[in-house]
Amino acid sequence: MLTNRQKEILAFLINSHEAVGVMPSTREVQQHFGFASQTAAVDVIRALEKKGCLKRLPGKARGIVLAGCLPAAPGPAALCLPLYGTIAAGYAGVSSALPGDSIRVDRAICGLQSADGCYALKVEGDSMSGAHIMEGDYVILDAKRKPRHHDVVAARLDGRMTLKRLVIEADRLWLKAENPAFPRRIPVQASMLQGVMRGLIRGAGSPGLMPD
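Residues numbered from 1 in each chain as written. Predicted model: local features only at pLDDT ≥ 70, side-chain atom pairs only at ≥ 80, totals over all residues. Heavy atoms only, no water.

Draft legend 1. The arrangement of the pattern of salt bridges in detail. Evaluation of the coordinates by the stated rule reveals 7 salt bridges. One salt bridge in this structure joins R5 and E8, with 3.0 Å as the shortest N-O distance. Placement of the pair is R5 and E8 together in helix 1 (residues 4-20), with a separation of 3 residues, close to one helical turn. Between R165 and E178 there is a salt bridge, with its nearest N and O atoms 2.8 Å apart. Here E178 lies in the loop between strand 9 (172-176) and strand 10 (186-188) and R165 lies in strand 8 (residues 160-169), a separation of 13 residues in the sequence. Among the residues examined, R165 registers a relative accessible area of 14% and is labelled buried. Each of the salt bridges in this network shares a partner with another, and the network as a whole consists of R165, K176 and E178. (Salt bridge = Lys/Arg side-chain N within 4 Å of Asp/Glu carboxyl O. Helix = DSSP H or I, 4+ residues; strand = E, 2+ residues; numbered from the N terminus. Buried < 20%, exposed > 50% of the residue type's maximum accessible area, 1.4 Å probe, protein only.)

Printed below as a string of structure tokens:
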């Protein structure tokens with residue numbers, strides 16, 4: 001269970017990342033919330049890490065990776081998203097439809113204003129392990145958001161779905177794994193992109209996952 005201040009800081013991290021594409025520094029967190037020292041900001045971030053909401057990468061000034069969503073309480077704070085099956089984080093695999101299945105997530109913590117255009121898929125494979133997206137996790141995808149360079153995206157290749165990092169170079173689009181065991185970059189067209197990753201729920205049975 002997160003405190004109100006922890007919720008506020010997690011929402012600030014998410015919204016800042018959405019706005020500028022990078023995580024705020026601990027000094028920016030300190031200044032935004034008026035903490036007397038950077039240590040106070042670091043303490044809250046460490047508490048969020050312990051609760052599984054994010055992961056800090058050692059030796060990086062902005063090394064914060066979002067790792068999950070709050071347990072969603074019933075009511076206006078919760079969004080119900082359709083769960084459409086699985087997505088390969090490896091070689092492209094079949095996305096099996098699960099009609100009628102859904103999960104609930106906290107709209108503030110996942111940075112979503114509405115469920116319009118958003119859906120969830122369960123990850124299979126380990127090609128995105130370098131981005132801390134593991135097999136058994138659930139990714140939240142926004143089909144209406146315009147993909148940007150370095151976004152994690154879902155793409156349909158030959159009728160199959162895969163999860164990869166989007167690389168844009170000289171107006172060409174490529175899909176890139178976050179695992180050295182998958183070195184090949186895959187050319188892709190914009191029409192093949194099916195959604196931009198907006199959040200992640202850690203593993204089956206995570207308290208962030210609430211089957212509807």
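Draft legend 2. Highlighting the packing of aromatic side chains. The final tally for this structure, using the stated rule, is 3 aromatic pairs. Each ring, one from F12 and one from F33, has its centre 5.6 Å from the other, and the planes form 90°; the classification is edge-to-face. Of the two residues, F12 is situated in helix 1 and F33 in helix 2 (residues 26-33); the sequence distance between them amounts to 21 residues. Residue F12 shares its accessibility class with F33, and that shared class is buried. Relative to Y119, the ring of Y84 lies with its centre 5.5 Å away and its plane at 40°, an arrangement referred to as tilted. Remark: Y119 occurs in strand 5 (residues 118-124) and Y84 occurs in strand 3 (residues 78-88); sequence separation between them is 35 residues. (Phe/Tyr/Trp six-rings, centres within 6.5 Å; stacked < 30°, edge-to-face > 60°.)

Keep in mind these numbers describe shape, not what the thing actually does.
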